[in-house]
Amino acid sequence: MTDCIFCKIAAKQIPSRTIFEDEDLIAFHDINPAAPVHFLIVPKQHVATLADCDESHADLLSKMMLLAPQLAKEQGCGYVAGEQDAGSGGFKAQFNTGPDGGQEVYHLHLHVIGGPRPWRGQR
Ligand code: AMP
Ligand code: ZN
């Protein structure tokens, strides 16, 4: 897509603070972070929304979701399974989808938002 900002980031036509890249995905810090850690996992292939995905996107979605805890750990907001009593660690992983889902950029992306409970006081 010629006019898509995340396609342009994937193609290196505009810069980003990249934290991960392979043949299918790129991950970079959100330019307007909502929390101490806030990065986006983005497929290099243009897909507009989660609602545009079908079985053919299953491997891509799986890869995005499995990358989230790995990069969260590297960025300092990882969670170790079974440590829910430890009182720290963890993140939100979120696909905003469509206007009522708060989606602003219509190129599929997974928000990973973490740090020391940035959403405390929110739902
Ligand atoms: P959404 O509302 O789910 O579509 O989220 C889009 C996200 O992309 C927002 O959190 C923006 O801050 C972020 N964003 C927009 N442009 C850029 C950019 N050039 N680099 C990094 N993040 C961006
Ligand atoms: Zn795109």
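Worth saying up front: this structure is predicted, and the values here are computed from it rather than measured. (Residues numbered from 1 in each chain as written. Chains lettered and ligands numbered in written order. Predicted model: local features only at pLDDT ≥ 70, side-chain atom pairs only at ≥ 80, totals over all residues. Heavy atoms only, no water.)

Student: Got a sec to walk through the coordination of the zinc ion (ligand 2)? Specific residues and values, please.
Tutor: Within the first shell, the zinc ion (ligand 2) binds the protein through Cys 4 (SG), Cys 7 (SG), His 46 (ND1) and His 107 (ND1), at distances of 2.0 to 2.3 Å. Between the four donor atoms coordinating the zinc ion (ligand 2), the angles at the centre fall across 102 to 117 degrees, so the site counts as tetrahedral. Look at where the donors of the zinc ion (ligand 2) fall in the sequence and you get C-x2-C-x38-H-x60-H. Of the two residues, Cys 7 sits in helix H1 (residues 5–10) while His 46 sits in the loop between strand S3 (37–43) and helix H2 (58–74), which places them 39 residues apart along the sequence. (Donors = N, O, S within 2.8 Å, 3.2 Å for Na, K, Ca; no water. Tetrahedral: all angles 85-135°; square planar, octahedral: opposite > 155°, others 65-115°. Helix = DSSP H or I, 4+ residues; strand = E, 2+ residues; numbered from the N terminus.)

Student: Give a description of the side chain of His 57 that names residues and reports values.
Tutor: Topologically, His 57 is positioned in the loop between S3 and H2. Using a relative accessible area of 10% as the deciding quantity, one classes His 57 as buried. Not counting residues within four places of it along the chain, the set of residues in contact with His 57 comprises Gln 45, Val 47 and Asp 52. (Buried < 20%, exposed > 50% of the residue type's maximum accessible area, 1.4 Å probe, protein only. Contact = heavy atoms within 4.5 Å.)

Student: Tell me what's going on with the nonpolar core, and back it up with residues and numbers.
Tutor: Residues Ile 41, Met 64 and Leu 108 are the most contacted members of the largest nonpolar core, which totals 19 residues. In terms of residue count, H2 provides more of this core than any other element does, seven residues in total. Those residues within four positions of Met 64 in sequence are excluded, and the remaining contacts are Leu 25, Ile 41, Pro 43, Phe 95, Leu 108, His 109 and Leu 110. Listed in part, the nine residues of the second largest apolar core include Cys 4, Phe 6, Ala 10 and Ile 26. (Core = buried A, V, L, I, M, F, W, Y, C linked by side-chain atoms within 4.5 Å.)

Student: Pulling in residues and values, what's your account of the pairing of S3?
Tutor: Among the seven residues in S3, seven count as buried, and that is most of the element. Of the two faces of S3, the one carrying Val 37, Phe 39, Ile 41 and Pro 43 and the one carrying His 38, Leu 40 and Val 42 are both buried. Examined bridge by bridge, strand S2 (residues 25–29) and S3 share five bridges and lie antiparallel to one another. Its bridge partner being in S3, Phe 28 is matched across the sheet by Leu 40. Examined bridge by bridge, S3 and strand S5 (residues 110–114) share five bridges and lie antiparallel to one another. Paired with Ile 41 across the strands is Leu 110, a residue of S5. (Pairing = 2+ DSSP bridges.)

Student: Report on the layout of surface pockets, specifying residues and quantitative values.
Tutor: Here the largest pocket is characterised by a volume of approximately 470 Å³. If you trace the largest pocket, you find 21 residues lining it, with Phe 6, Asp 30, Ile 31, Asn 32 and Leu 40 closest to the centre. The greatest single-element share of the lining of the largest pocket, amounting to three residues, is contributed by H1. (1 Å grid on protein atoms, 1.4 Å probe; cavity = no way out; pocket = protein on both sides within 12 Å on 5 of 7 lines; lining within 4 Å. Points joined across faces, edges and corners; volume = space filled by probe spheres on them.)

Student: Provide a residue-level description of the sheet that holds S3, including the pertinent values.
Tutor: Two orientations exist for strands paired in a sheet by backbone hydrogen bonds: parallel and antiparallel. Strand order across the open sheet formed by five strands is S1-S2-S3-S5-S4, with antiparallel pairing between neighbours. What marks the edges here is a single partner per strand, and that holds for strand S1 (18–21) and strand S4 (91–94). Averaged over all pairs of adjacent strands, the angle between their axes in this sheet comes to 15 degrees, without regard to strand direction. The strands touched by H2 are S1, S2, S3, S4 and S5; relative to S3, the strand with the most contacts, the crossing angle is about 155 degrees. (Axes fitted to C-alpha atoms, helices over the stretch in contact; angles between N-to-C directions.)

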